[in-house]
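In case you want the letters, here they are:
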Amino acid sequence: MTAGARPLDVHRISRRSLGAIATGRADADDLRLLCSGQRSQLLLVIRTLLDRLDDAERVDGAHRGLRGAGGASAGQRAWRLLCRVEREAPDAVEAVLSDPAVMAWSLRLLRRMAGSAPLAKAPAPLWADLGQFQALAAAAALRAGVPVVVRVPAHRGMVWVPGAGVAGPVARRRWSEAEVRVGRRGAVVRGETADVRLPRTATATAPGWRPLLGVRPLPGPAAAPTDGAAAVVRLDTVTPYRDFTRYPKSPGRMGERGLWLWQDRVARAYDVLARESPDEARAVTAVVKVLVPRPFRTARGGLVASASSADAFGAVTLSLPYDATQTAAVLVHEARHQQLNALLGLVPLVRAADDRPGEAAARLHYAPWRSDPRPVLGLLHGVFAFAGVARFWRRHRTRVTGTEALRADFEFALLREQVLEGVGALASDDDLTEAGRLFVAAVVADVRGWLGDDVHAEAERLARHYCALRRSVWRVRHLEVERSVADGFAAAWTAGRTAPPLPPVTLRPRPDLIRLDSFGPSARYLLSSPKRFFNGYRQAEAAGDPVRLAEYATIAGDAERAALHHAAWAARAPEDAEAWIGAALALPVRGAAAEALLSRPDLIAAVRRAVTARGAPTPTPLELATWLTT
């Protein structure tokens, strides 16, 4: 951190490291490089913020905390204190700066000061955002035991101690100032209405102190987390910058039972990774430092709400997975996003908008795991993340038996097909840089090596059906033929003429048409919890809902009943293309017409509407598909 000590290093990544990261075989040096790049980015952001403090003071200079004796701003004094602590106890500063919330705070403040985030709409007064510089310095001094008195902001009476937790409440107002006093005998946070004495160990509990909670590694394959070993990751339910979309966020509450569930599930997930997937375990340990629990109803059939952000390297927000294996898969997925975000800070894999020729717009693509069209960067993230998850399931399925093996086979077969389809779209996009093409080629070579792996026939059937269903439904939602073209087809149909050549399509995203996916969760229930699946099937029969019955019959492999329920669904909702897409997929043997239903549902839906608009009888989708293929 100190200036003038030695020339700054330049981060470089070799072709070998690029390939190792792409295939999930990054070694300790590769991962260290990614983390080092993110630390350098953080220091550059903080340095830029310090350079802009004078401008910030002119905006909000009336507040007493911004400028001190001798004309030095509070932020500049905080920086000097950080440099002093680093000379005496560098590990203390490193522990503070490695908190992902510090990067989130600094980047949001930088955008605010640069004008990309309007001051009038900012969720915190400027002096409070700037005042977190003092919070960084106070937290470092606290860890190092350096005597100091620092004034810091308090939100709803809570004072953020980066890398450790929050203290309070020490005030009642929405925004106020508090004082962190570090002495030889300990530390205290003093506010308008109360004092909080901080424990000597940051992870200890004390009145008014809410720490980041560590998850301990398992000492044995069946043991619960203990306090005897260093934490592998921390749970953050308290810091004001832990949310990726809004801040400041007040501390949340988690009961003893909830805390135990989180600690137990996460610890067991790390144990699964360490035993079965050492490459993934190494990456997760290196780049995932904080987990932010989020509310979400019990994970249904494998669905977990999780996310990473380029603004908060090292943090993952997620809902509670339903078992250790699912937790491990989610950690692998988010660790891949973290690695790619860090890699993109070192080498461009996708061309920037300014580098495109002329007025060319970014292309949008079908991402098999998403219901909405995705730009190339989003598709690249998905391919890389899900390749990692597929790699995890590929190994896990060889270590388990019974329904757990069926579940793992399904996840592996599904992701293998989806990733290969995703890389096919990436290969056609001109926005990949040379390094991006090398990266994608390494992913492709790795995944194609899995094509010879056999999986259980039932898992394979469901995976293929699910992929085909998602692909066709996406097409009918987001692809359109021009109205004049559809009218031409309708005229040919009503006149009894031969169908014209198949036309091109235009991508028009329609997020309003997206519905919650239920096929995937139900298929997972059939494989991993058959009793639960068939209970749901019986409930659907009692309710008489043809939509649910069609799905259940298809998943169960009952082609005859699936056809009947899809027909009932189509009769009830004749414009619902998902009904006849599902009917075509449920056929035991599909001819050319059924394949046309699946490959061009966009055209068939448009022509049906055009025929109806001409006042002619509306043809069935199968009739139109037969006409198109003869």
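Structure: see above.
Remember, it's a predicted structure, so these values are computed and weren't measured experimentally. (Residues numbered from 1 in each chain as written. Predicted model: local features only at pLDDT ≥ 70, side-chain atom pairs only at ≥ 80, totals over all residues. Heavy atoms only, no water.)

Novice: Just give me the short version of the environment of Ala556, but keep the residues and values in it.
Specialist: Looking at the element boundaries, Ala556 is found in helix 18 (residues 546-556). The contact partners of Ala556, leaving out residues within four places of it in the chain, are Arg461, Leu526, Phe533 and Tyr537. (Helix = DSSP H or I, 4+ residues; strand = E, 2+ residues; numbered from the N terminus. Contact = heavy atoms within 4.5 Å.)

Novice: Describe the sheet that holds strand 4 (residues 175-183), naming the residues involved and giving the relevant values.
Specialist: Pairing between the strands of a sheet is mediated by backbone hydrogen bonds and can be parallel or antiparallel. Across the sheet, which stays open at both edges, the four strands sit in the order 1-4-5-6 with antiparallel pairing between neighbours. The two strands at the open ends of the sheet, each matched to only one other strand, are strand 1 (148-155) and strand 6 (195-198). For this sheet, the mean angle separating the axes of adjacent strands, direction not counted, is 25°. In the sheet, strand 1 pairs with strand 4 via eight bridges, with the strands oriented antiparallel. The residue bridging Val150 from the neighbouring strand is Val180, located in strand 4. The sheet contacts of helix 7 (residues 126-144) involve strand 1, strand 4, strand 5 (186-190) and strand 6, and relative to strand 1 the element is tilted by about 135°. (Pairing = 2+ DSSP bridges. Axes fitted to C-alpha atoms, helices over the stretch in contact; angles between N-to-C directions.)

Novice: Talk me through empty space enclosed by the protein; I want residue IDs and the actual numbers.
Specialist: Across all of its chains, the model carries five cavities of 30 Å³ or more by this definition. Computed from the structure, the largest cavity encloses a volume of approximately 120 Å³. Along the wall of the largest cavity there are 16 residues; nearest its centre are His155, Met158, Val159, Trp160 and Pro240. Sorting the residues of the lining of the largest cavity by element identifies strand 1 and strand 2 (159-161) as the ones contributing at least two each. Of all the elements, strand 1 adds the most residues to the lining of the largest cavity, at three residues. (1 Å grid on protein atoms, 1.4 Å probe; cavity = no way out; pocket = protein on both sides within 12 Å on 5 of 7 lines; lining within 4 Å. Points joined across faces, edges and corners; volume = space filled by probe spheres on them.)

Novice: Outline helix 13 (residues 434-448), listing residues and values.
Specialist: Counted at 1.5 Å a residue, the expected span for helix 13 with its 15 residues is 21 Å, and the 21 Å between its end C-alpha atoms agrees. Within the sequence span of helix 13, burial applies to Ala435, Gly436, Phe439, Val440, Ala442, Val443, Val444, Asp446 and Val447. Each element contacted by the buried residues of helix 13 is listed here: helix 1 (15-22), helix 10 (324-344), helix 11 (376-396) and helix 12 (402-427). (Expected span 1.5 Å × (residues − 1). Buried < 20%, exposed > 50% of the residue type's maximum accessible area, 1.4 Å probe, protein only.)

Novice: Please set out the sheet that holds strand 11 (residues 306-308) residue by residue, giving values where relevant.
Specialist: Ordered by their spatial adjacency, five strands build an open sheet running 8-9-10-12-11, and the pairing between neighbours is mixed. Strand pairing shows two members of the sheet lacking a second neighbour, strand 8 (213-215) and strand 11, which therefore form its edges. Geometrically, the sheet is characterised by an average inter-axis angle of 30° between neighbouring strands, direction not taken into account. Of the strand pairs in this sheet, strand 10 (residues 290-293) and strand 12 (residues 315-318) are connected by four bridges, and their pairing is parallel. Within strand 12, the residue paired with Leu291 across the bridge is Val316. With respect to the sheet, helix 8 (residues 256-276) is in contact with strand 8, strand 9 (233-235), strand 10 and strand 12, its orientation differing from that of strand 8 by roughly 35°. Against the sheet, helix 10 contacts strand 10, strand 11 and strand 12, and its axis sits at roughly 20° relative to strand 11.

Novice: Pulling in residues and values, what's your account of the packing of aromatic side chains?
Specialist: Applying the stated criterion across every chain, the model contains 16 aromatic pairs. Aromatic pair Phe392 and Trp393: ring centres 5.3 Å apart, planes at 65°, arrangement edge-to-face. We note that Phe392, like Trp393, is buried. With 5.0 Å between their ring centres and 90° between their planes, Phe533 and Phe534 make a pair best called edge-to-face. A relative accessible area of 1% means that Phe533 is categorised as buried. Among the aromatic residues, those joined into a ring-pair cluster are Phe533, Phe534, Tyr537 and Tyr552. Stacked on the ring of Phe384, the Lys or Arg Arg336 has its end atom at 4.4 Å from the ring centre. (Phe/Tyr/Trp six-rings, centres within 6.5 Å; stacked < 30°, edge-to-face > 60°. Lys NZ or Arg CZ within 6 Å of the ring centre and 35° of its normal.)

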